[in-house]
Amino acid sequence: MTLPVIISTILVACMGLAVAMIRMRAAARPVTAKKIILPPLFMSTGALMFLFPVFRVPWWEVWSSLGVGVIFSSLLILTSNFEVRDEAIFLKPSKAFAVILVGLVFVRVLLKVAIGQTIEIGKMGGVFFLLAFGMIVSWRIAMLWKYKRLERRMQVS
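Criteria and thresholds
- Residues numbered from 1 in each chain as written.
- Predicted model: local features only at pLDDT ≥ 70, side-chain atom pairs only at ≥ 80, totals over all residues.
- Heavy atoms only, no water.
- Helix = DSSP H or I, 4+ residues; strand = E, 2+ residues; numbered from the N terminus.
- Buried < 20%, exposed > 50% of the residue type's maximum accessible area, 1.4 Å probe, protein only.
- Pairing = 2+ DSSP bridges.
- Phe/Tyr/Trp six-rings, centres within 6.5 Å; stacked < 30°, edge-to-face > 60°.
- Core = buried A, V, L, I, M, F, W, Y, C linked by side-chain atoms within 4.5 Å.
- Contact = heavy atoms within 4.5 Å.
- Polar contact = N/O pair within 3.5 Å; in protein donor to acceptor, adjacent residues only side chain to side chain.

As recorded in an unreviewed UniProt entry, the protein chain goes by the name Membrane protein CcdC involved in cytochrome C biogenesis, listed as coming from Terribacillus aidingensis.

Below, the structure written as structure tokens:
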């Protein structure tokens, strides 16, 4: 394994831990649609990497990376639920979420090690950005749908 692969793997692990900690703290504050929508929008700026040829990947890799991201997100979707407390919507704390997130980071590292020998570092960065983006967008769309459904129920009652 090369030094850039090791460094990027460590950074991904740190980001995964940061996401888990942020998620646990977020359960203490009410959720809004804005808080659900903004993270994928902020992350989308990372697609500017594809302006540079070193990060570009063939279309079949784009679609397969996004597809794997959507598949990975299914576990996050299952563990992301909301509840009503004090007439506000909160994210339900889930111990399984942290375990699943660590598991997904581990699988991502294994994939990186497995394909790291066969793909250039820039293209690998592009592939894993697309995987993460596909995972976050589909997860957040599902969260928004669950949030809006609960919000409509609150307005009816």
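### Remarks on the overall build of the protein chain
In terms of regular secondary structure, the protein chain is built from five helices and two strands. The linear arrangement of helices and strands in the protein chain, starting from the amino end, is α-α-α-β-β-α-α. Taking the principal axes of the C-alpha coordinates as reference, the protein chain spans close to 55 × 30 × 20 Å. Relative to its 157 residues, the protein chain shows a buried fraction of 36%.

### A few points about the pairing of strand 1 (residues 82–85)
Where strand 1 lies against strand 2 (residues 88–91), four bridges are found, and the strand directions are antiparallel. Looking at the pairing, Glu83 lines up with Phe90 of strand 2.

### Focus on the packing of aromatic side chains
For any pair of aromatic rings, the description consists of the separation of the ring centres together with the inter-plane angle of the planes. Enumeration over the complete set of coordinates arrives at three aromatic pairs. Ring centres 6.0 Å apart and planes at 70° place the aromatic pair Phe82 and Tyr147 in the edge-to-face group. Placement of the pair is Phe82 in strand 1 and Tyr147 in helix 5 (residues 121–156), with a sequence separation of 65 residues. Note on Phe129 and Phe133: the rings are 5.7 Å apart at their centroids and 10° apart in plane angle, and the pair reads as stacked. In this pair, Phe129 and Phe133 are both assigned in helix 5, four residues apart and thus about one turn of the helix distant. Relative accessible area serves as the criterion here: at 13%, Phe129 is assigned to the buried category. Looking at Phe133, the relative accessible area reads 21%, which means it is partly exposed.

### Examining unusual backbone geometry
The backbone of Asp86 sits at a positive phi, close to 50°, despite the residue not being glycine. Along the chain, Asp86 turns up in the loop between strand 1 and strand 2. The exposure class assigned to Asp86 is exposed, which follows from its relative accessible area of 76%. Positive phi is not limited to glycine here, since Glu87 has a value of about 60°. Looking at where Glu87 falls in the secondary structure, it is placed in the loop between strand 1 and strand 2. Taking relative accessible area as the criterion, Glu87 reaches 76% and is therefore assigned exposed.

### Observations regarding the nonpolar core
Among the nonpolar cores identified, the biggest contains 30 residues, and Val31, Ile36, Leu76, Phe82, Leu104, Met143 and Tyr147 are the most heavily contacted of them. Those elements that provide at least two residues to this core are helix 2 (33–44), helix 3 (59–79), strand 2, helix 4 (95–116) and helix 5. Sorting elements by how many residues they give to this core places helix 5 first, with 12 residues. Those residues in contact with Leu76 that lie beyond four places of it in its chain are Phe97, Ile100, Leu101, Leu104, Met135 and Trp139.

### Side note on the side chain of Ser65
Locating Ser65 in the fold gives a position in helix 3. Polar side-chain contacts of Ser65 include one of 2.7 Å to the backbone oxygen of Glu61. Apart from the residues within four sequence positions on either side, Ser65 is in contact with Val127, Leu130 and Leu131.

### A look at the environment of Gln155
Take Gln155: it is sitting in helix 5. With a relative accessible area of 63%, Gln155 lands in the exposed category. Between the C-alpha atom of Gln155 and that of Ala96, which follows or precedes it by 59 residues, the distance is 30 Å.

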